[in-house]
Amino acid sequence: MVNAFYFNKKIIEDFRSAVNKSPIFARKNEYKLLYSKACVLMNRIDSAISYFNSHNEKPKSEEELILYFVEAAILKDGVYQMYENLFREKPPLIESKKWFIDAQTYGKKLFEKDVCPYDDTYFEYLRALIFAHPFETSKGCRSNRVFMSEGEIHMSPWVIANYNDPNREVVGLRIYSNKTLDSLEDIFIGFSNLKNYLLERYNLIPKLTDKINDIINSEKKTWLGHKIVHSNDFYLDLIEIENVYKERFIRIETVSDYKDIYSINCDSKLNIESIDKVRFILNNKIIKAIDYLNNNENDNAEEELCFIYKRPKNMHEFAHYELEKIFTYLPNERAKIEIGSNEEWGLIQAKNFYSKYAYKYVFIDFENYSYNEIKTLVTVACILGFVEETKK
């Protein structure tokens, strides 16, 4: 039998997926605060619904009831805050009177129709008193707190979790009022009504997910307006691709590595020939990447450009280790090499890789070439080695 009060985890997972599928929320200034609030919502509601789904039975103690309201407050406030941030308006449920209209005191209905508060107002009332905060009225909020007289203050000395109602499961609390100091009152609400109240608010999240998707689609429409026209100058094409990457919050490291290959100046005949061969291969990758970007297929564009990181399979022992140290330990600019430093070790590995493999494709002058030139030539050697292997 399906649990009628089950909080479907897929609802918050769909919201998380929508937020995380585009970098705009984490990277674009306009949405950074929204992204932070969305992360809070996702993480806190994850824990709240896990708690609700594992505590479907009525709380058995004061402590359990108080904890239940802690999680309830997290869910209700989180959903409402996100709704207001996304839609710039109050949620559509703020004036509903559905779940607490049958609150009771000593077996009698607590509210007549004309003094029944909104569900949200009464939830705030219950939360305040369960957390031992006084709840009061004033001229400013009297319209929403019609079940109390003006200037009235309610306080609660304890909550009631173990009351047995023969007709339904209830939870409640004892109330003192400053207007009737010689009297007290116990009020009760149906526990299933409380769960339905929370479930109804949790089920607002798909509207939030739809709004997130609307924002992403609007950004994509803007991106589609920026078309790259192939200029026959591949370096200029790379600058345009880089601009589009920045506009779409895509990491530009791949494009930067392409620009290094298309901007390097060589005085060695071997290097000139090898770089020309690699550029000829990469030209096609750039053209395809432009086509993908013009269709908003960012992942496909990046996958096409990542050809630059292809590595030959048939290399000498420790070749992959040497490559790792070359690209992680050598900065772009030379500095005074300290003995035992990462920089020194990276240079040693570059010399090892050159003497055992790269020399077949490029010439590297370790005394005069910059680290960036060394790394670019190593990349050229790897691409040519990979292409040779695939032709065999």
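Look up: the structure comes first, before these words.
None of these values were measured; they are calculated from a predicted model. (Residues numbered from 1 in each chain as written. Predicted model: local features only at pLDDT ≥ 70, side-chain atom pairs only at ≥ 80, totals over all residues. Heavy atoms only, no water.)

**Regarding the state of the cysteines**
Following the criterion strictly, the structure yields 0 disulfides and no others. Just so you know, Cys-382 is unpaired, no disulfide at all, and the nearest cysteine sulfur is the one on Cys-306, 15 Å from it. Judged by relative accessible area, Cys-382 falls into the buried class, the value being 0%. (Disulfide = S-S within 2.5 Å. Buried < 20%, exposed > 50% of the residue type's maximum accessible area, 1.4 Å probe, protein only.)

**Overview of helix H5 (residues 119-130)**
The terminal C-alpha atoms of H5, which comprises 12 residues, lie 16 Å apart, in line with the 16 Å expected from a rise of 1.5 Å per residue. All buried positions along H5 are accounted for by Asp-119, Asp-120, Thr-121, Tyr-122, Phe-123, Tyr-125, Leu-126, Arg-127, Ala-128, Leu-129 and Ile-130. In the stretch just after H5, Ala-132 is the one whose phi turns positive, near 70 degrees. (Helix = DSSP H or I, 4+ residues; strand = E, 2+ residues; numbered from the N terminus. Expected span 1.5 Å × (residues − 1).)

**Things to note about the packing of aromatic side chains**
This model, assessed by the stated rule, comprises 22 aromatic pairs. A network of ring pairs unites the aromatic residues Phe-69, Phe-100, Phe-111, Tyr-122, Phe-123, Tyr-125, Phe-135 and Tyr-197 as a single cluster. (Phe/Tyr/Trp six-rings, centres within 6.5 Å; stacked < 30°, edge-to-face > 60°.)

**Some details on the pattern of salt bridges**
In this structure the tally under the stated criterion is 19 salt bridges. The closest approach of N and O atoms between Glu-242 and Lys-259, which form a salt bridge, is 3.1 Å. Of this pair, Glu-242 sits in helix H8 (residues 234-247) while Lys-259 sits in helix H9 (residues 253-263), placing them 17 residues apart in sequence. Note on Lys-259: relative accessible area 17%, which makes it buried. The partner of Glu-253 in a salt bridge is Arg-251, and the shortest N-O contact between them spans 2.8 Å. According to the relative accessible area criterion, Glu-253 is partly exposed, its value standing at 38%. Note on Arg-251: relative accessible area 59%, which makes it exposed. (Salt bridge = Lys/Arg side-chain N within 4 Å of Asp/Glu carboxyl O.)

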